[in-house]
Each structure stands twice: as structure tokens, then as C-alpha cells.
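Topology and contacts: notes
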Amino acid sequence: MRQTKLFTKTQKEAPSDEEALNAQLLIRAGYIHKEMAGVYQLLPLGLMVVQKIKQIVREEMSDLGTNEMLATSLQPKELWQRTDRWDDEKVDVWFKSALQAGGEVGFGWSHEEPLANMMKNHISSYKDLPLGIYQFQNKLRNEVRAKSGMMRGREFIMKDAYSFAATEEQHEDFYTRSQTAYMNVFKRLGIGDDTYMTYAAGGAFTEFSHEFQTVCEAGEDVTYINKEKGVAINEEVVDTADLEALGVTKDELVATKTAEVGNIFNFGRSKAEEVGLFFKDENGERTPVWMGSYGIGITRLMGVLVEKMADEKGIVWPESVAPYKVHLVALNTDDQEISDWADGVYSSLKDQGITVLYDDRDARPGEKFADSDLLGLPYRVVVSKKGKEAGTFEVVTRATGEVRNLTEEELYADFS
Ligand code: ATP
Ligand code: MG
């Protein structure tokens, strides 16, 4: 991609009402546009990051043997009344609207009810089980507080998955394999080392649900962590007898600011019972399905990665989600020879399958470098008159600041 063809521009300042570092940097670099508090448009570069995060999640989810689908945002009131979750007293994040034709609809903040209900058409026998479905969807939530940028949106992208099982063993099998899949996702995003599977309250059947909390100063949660034992416990359960069950004492745990990047929840058979999702077991008995739900905050992760990895100069993307691997920055482009050379390097890198953002703009070096730092692509390759004379390129690794001078051959070898 040539930067002269990219409609987004970098900005010196973020909107004055934007408090969160992640959104400030993402707005300034042109990844997102703030529509209003907690609502952000994804601009081309931002969309690319989101697609990459989604692809990693998609690969790990399909390894679990689940099918991707896409549910609707508009949802019927009656369905949520059946499980007693329509009332604003029960669920405090509903956006609702009246139909002109009469009646009310809700905007999907979660999809257990509609998807469990839909599954009545597809599950009738134990032979249909186990199975899993997932989707990437814009969730709409009337959050009271929306000051954490991409980390807490009123409209945001979530991956939500739902498992359906005939027996507790089947259910447990999926639940444990999903724990591993989640940790794989976080490893691939470069945050595996300080993301913890955390014991939280609220498992319907087992004692706990599990949150995936990553260490993050800007996070809204506090998690009690014992790094050596690899135990992490949510604030809600840290004071209870549960500590004993988990084999830790309170003084072994360090209270740490964290952000919840995912969570998994076991409904047991209660949700299916409420919704009326039953199957015939091997003895022909009508039995409620075991259900679990599994969320990952896709756009929250984008914000979290910025918060965790950015430095004073700007964003630092892990290679796995960066929109492009290389930022090719051409200086002295008023010199036709340099400009042609830079064009050639751009083509050659692309021919090798390397993704490149090519700063072919007519701008001062200082401005180009500052923008490059702000954008945060993993490698900066500088083409300049000085380099041309020496027959080398300056290659800067964004995360470490390491600078190398490589010949054209060395450059291609390095990236291939
Ligand atoms: P939180 O406690 O942060 O409000 P939650 O318990 O409401 O999260 P879930 O309903 O389980 O979250 O949603 C699954 C995942 O979606 C969360 O783990 C989080 O990563 C993400 N998520 C939840 N709410 C938001 C939001 N308002 N903006 C962005 N991501 C969110
Ligand atoms: Mg919430």
C-alpha cells in the first residue's frame, strides 16, 4: 500500500475528550475514528488489525471443531422474557427499541438465548451432540462508563462461542480444550506470558467461571496473582473459602491491575432448560443440553495491545497483528533516482510476499519518522540518498529500537 493512496492522515492531537491512551494513539495514527463516547469506526488500518486478530481466533476456534456463523443484532423481547433477562433491572446494558408495527426489540448484547433457541431446529438426538458454534459480532451495550477507549465500547466486536453437549464429560472436554485454545490465542498475540486464566464467580454448575485477565495498568479489573504457582483469582472470590480450594493463601497473591480479554462460562443444563432446548438421550429420555459460552473481546484486545506495548513514541504492534510487516520510508524522493530505487524495493518486497506500507509522500524526514513511530509497524526500512551511496538500507526494529544497515540482498534474505 502506498501511503499517498491511504485516505487516513496522522494527527498531532487526539480529540480533547478522549482520555484513554489506546484510543488517543489509535485515533492519532488513523486506525480508528471516534464517532462518540464508546463508539469508534474502524478505518482501513484499524480494520486490518481487527481482521488479523479475528483470523488468529478463527484458526484456534476451528481447531476446536466449531462452525462459524453470524446471528442477528435485533432480538425478540419474548425470548429474553422467557429466561427473565429482558428487564433492565436484570440486565443493565440493554439498548431497546419499539417497532413501528408494534412490540419491542432488543439489540444483541449477548447471544446465548437466541442461539440456544435456534439450536432447537438442529439438535434432537444425542447423535447430534456435541457441537459448537461461534461468531464475530458487533455487540451493543448501554455501558454506563465508556472512558477506556477501545477497551470498553458501547458497540464493540466480540467473538462469542456456544457449546452444546449431551453429557458432562462431553461438556468438560470442550470446556478444557477451549481453555487451551484461548491461551494459544493470547500467546500468538504476544501477551501469553502475562495473561492468566482467572477463577471468577458465577459458574452455574461448577463453582467458578473462568476469566482471561491480562496484566494492564489501564485495565478496569484487579486480579490477585501468584506468578510462580500460575494462580490468578478474581476480586469477587478472593475473600471466600475458595482460596483454600485453589491451594493458595491471600498473602501469596499480588493485587494487579488487569483487563479481561475473554471469559468462559459453564451453564450446566440450566440455560437449555429455560430456553427449552432438549434432546433424546440413548434411552430415549428427554434431556436438557449442557451448554457453555465463550467470549473474547476482539476490539478490546486491540486496545489492550496498544496499552501494553506502546512506548512514548507511539504504537508498537506485535508482528502477528500489524497491518503491514514493513514500513518502507523513502527520503529524498525529489531525487528521481532515489524515488525509482524506492519503487523498486517496494515491488521486490511485495514480490517476496512481504506486506509493506510505503511512505512515498513528499514530506520531511522528521515528519516521516515521527509518523512511522506512531503507526508502530514492526520494521522500518529507510531508503535515502546516503543509503544509496553506501548501498545499504537502515532497518529499524520498532519494538527494540535496534538499527541495522543491510544491503539489498541482506534485506530480502532477512525478511524472507
Ligand atoms: P466486563 O466485566 O469487562 O464488562 P463482561 O463480563 O461484561 O466484561 P462478557 O459479557 O463475558 O464480558 O463478554 C466477553 C468479552 O467481551 C469480555 O471478556 C471482554 O473481553 C469483552 N467485552 C465485554 N464488554 C465489552 C465492552 N463494553 N467493550 C469491549 N469489549 C467488551
Ligand atoms: Mg460487562
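Just so you know, these numbers come straight off a predicted model, no measurement behind them.

The next thing to look at is the sheet that holds strand β4 (residues 74-76). Within the open sheet, the 3 strands sit side by side as β4-β6-β5. Their pairing is antiparallel. Each having just a single partner strand, β4 and β5 (95-98) make up the two edges of the open sheet. Within this sheet the neighbouring strands show an average axis-to-axis angle of 40°, counted without direction. Judged from the 3 bridges that link them, β4 and strand β6 (residues 104-107) form a sheet pairing that is antiparallel. Bridging across to β6, Pro-76 finds its partner in Val-105.

Okay, the packing of helix α2 (residues 44-63) against helix α8 (residues 298-309) next. At their nearest, the axes of α2 and α8 sit 10 Å apart, and the two run at 115° to each other. Of the possible angle classes, the one that applies to α2 and α8 is roughly perpendicular. Crossing of α2 against α8: the hand is right-handed. Across the interface between the two elements, Gly-46, Val-49, Val-50, Ile-53, Lys-54 and Val-57 of α2 pack against Ile-298, Thr-299, Leu-301, Met-302 and Leu-305 of α8. Its residues assigned to classes, the contact of α2 with α8 comprises 8 nonpolar, 2 polar and 1 charged.

Let's shift gears to the nonpolar core. One finds Tyr-31, Phe-186, Leu-189, Met-302 and Trp-317 to be the most contacted residues of the largest nonpolar core, which totals 54 residues. Both of domain 1 (7-309) and domain 2 (326-415) provide at least three residues apiece to this core. Excluding residues within four positions of it along the chain, Trp-317 makes contact with Leu-26, Tyr-31, Val-49, Met-302, Leu-305, Val-306, Ala-322, Pro-323, Leu-375, Gly-376 and Pro-378. Membership of the second largest hydrophobic core comes to 21 residues, among which are Leu-328, Ala-330, Val-381 and Val-395.

The next thing to look at is the packing of aromatic side chains. Pairs of aromatic rings are described using the distance from one ring centre to the other and the angle between the two planes. Here the structure, examined in full by the defined rule, presents 15 aromatic pairs. When the centroid spacing of 5.4 Å and the interplanar angle of 45° are considered together, the rings of Trp-80 and Trp-109 count as tilted. Here Trp-109 lies in the loop between β6 and α4 (112-118) and Trp-80 lies in helix α3 (residues 77-82), a separation of 29 residues in the sequence. Like Trp-80, the residue Trp-109 is buried in the burial classification.

Across the sheet, 5 strands lie side by side as β18-β17-β19-β20-β21; this open sheet has mixed pairing. Of all the strands in the sheet, just β18 (356-359) and β21 (403-406) have a single pairing partner and so form its edges. With strand direction ignored, the average angle separating the axes of adjacent strands in the sheet is 20°. With 4 bridges joining them, strand β20 (residues 393-397) and β21 adopt antiparallel strand pairing. Bridge pairing links Phe-393 to Leu-406 in β21.

Every buried residue belonging to helix α1 (residues 21-28) is among Asn-22, Ala-23, Leu-25, Leu-26 and Ile-27, and all of these are buried. Where the residues of α1 are buried, they touch β1 (32-36), β2 (39-42), α8 and α10 (365-375).

Quick look at the pairing of strand β19 (residues 379-383) now. Counting buried residues in β19 gives 5 out of 5 residues, a clear majority hidden from the surface. Where burial is concerned, the two faces of β19 agree: the one with Tyr-379, Val-381 and Val-383 and the one with Arg-380 and Val-382 are both buried. By the bridge criterion, 4 bridges tie β19 to β20 in an arrangement that is antiparallel. Residue pairing in the sheet places Val-381 in a bridge with Val-395 of β20.

With that settled, consider the domain arrangement of the protein chain. Under the domain assignment, the protein chain is made up of domain 1 (7-309) and domain 2 (326-415). Facing the 7 residues of domain 1 at the interface are 4 residues of domain 2. Of the roughly 500 Å² buried where domain 1 meets domain 2, counting both sides, 66% is carbon and sulfur surface. Of all residues in domain 1, the largest losses of buried area upon contact with domain 2 belong to Thr-10, Ala-29 and Tyr-31, amounting jointly to 62% of the total for that side. In this structure, the connection of domain 1 to domain 2 is made through 2 residue pairs in polar contact (both at pLDDT 80 or more).

Taken as a whole and assessed by the stated rule, the structure comprises 33 salt bridges. The residue Lys-271 makes a salt bridge to Glu-113 at a minimum N-O spacing of 2.9 Å. Placement of the pair is Lys-271 in helix α7 (residues 270-275) and Glu-113 in helix α4, with a sequence separation of 158 residues. The exposure class of Glu-113 is buried, given its relative accessible area of 0%. One salt bridge connects Asp-311 with Arg-398, and the closest N-O pair in it is separated by 2.7 Å. One end of the pair, Asp-311, is in the loop between α8 and β17 (326-330); the other, Arg-398, is in the loop between β20 and β21, and 87 residues separate them in sequence. Asp-311 gets classed as partly exposed once you look at its relative accessible area, which sits at 27%. With relative accessibility at 9%, the residue Arg-398 sits in the buried group. One connected set of salt bridges, linked through shared partners, spans Arg-85, Glu-112, Glu-113, Lys-271 and Glu-274.

Criteria and cut-off values
- Residues numbered from 1 in each chain as written.
- Chains lettered and ligands numbered in written order.
- Predicted model: local features only at pLDDT ≥ 70, side-chain atom pairs only at ≥ 80, totals over all residues.
- Heavy atoms only, no water.
- Pairing = 2+ DSSP bridges.
- Helix = DSSP H or I, 4+ residues; strand = E, 2+ residues; numbered from the N terminus.
- Axes fitted to C-alpha atoms, helices over the stretch in contact; angles between N-to-C directions.
- Parallel < 35°, antiparallel > 145°, perpendicular 65-115°, else oblique.
- Left-handed = near helix turned anticlockwise from the far one by under 90°.
- Contact = heavy atoms within 4.5 Å.
- Nonpolar A, V, L, I, M, F, W, Y, C, P; charged D, E, K, R; others polar.
- Core = buried A, V, L, I, M, F, W, Y, C linked by side-chain atoms within 4.5 Å.
- Buried < 20%, exposed > 50% of the residue type's maximum accessible area, 1.4 Å probe, protein only.
- Domains from an automatic or database assignment.
- Phe/Tyr/Trp six-rings, centres within 6.5 Å; stacked < 30°, edge-to-face > 60°.
- Buried area = accessible area lost by both parts, 1.4 Å probe.
- Polar contact = N/O pair within 3.5 Å; in protein donor to acceptor, adjacent residues only side chain to side chain.
- Salt bridge = Lys/Arg side-chain N within 4 Å of Asp/Glu carboxyl O.

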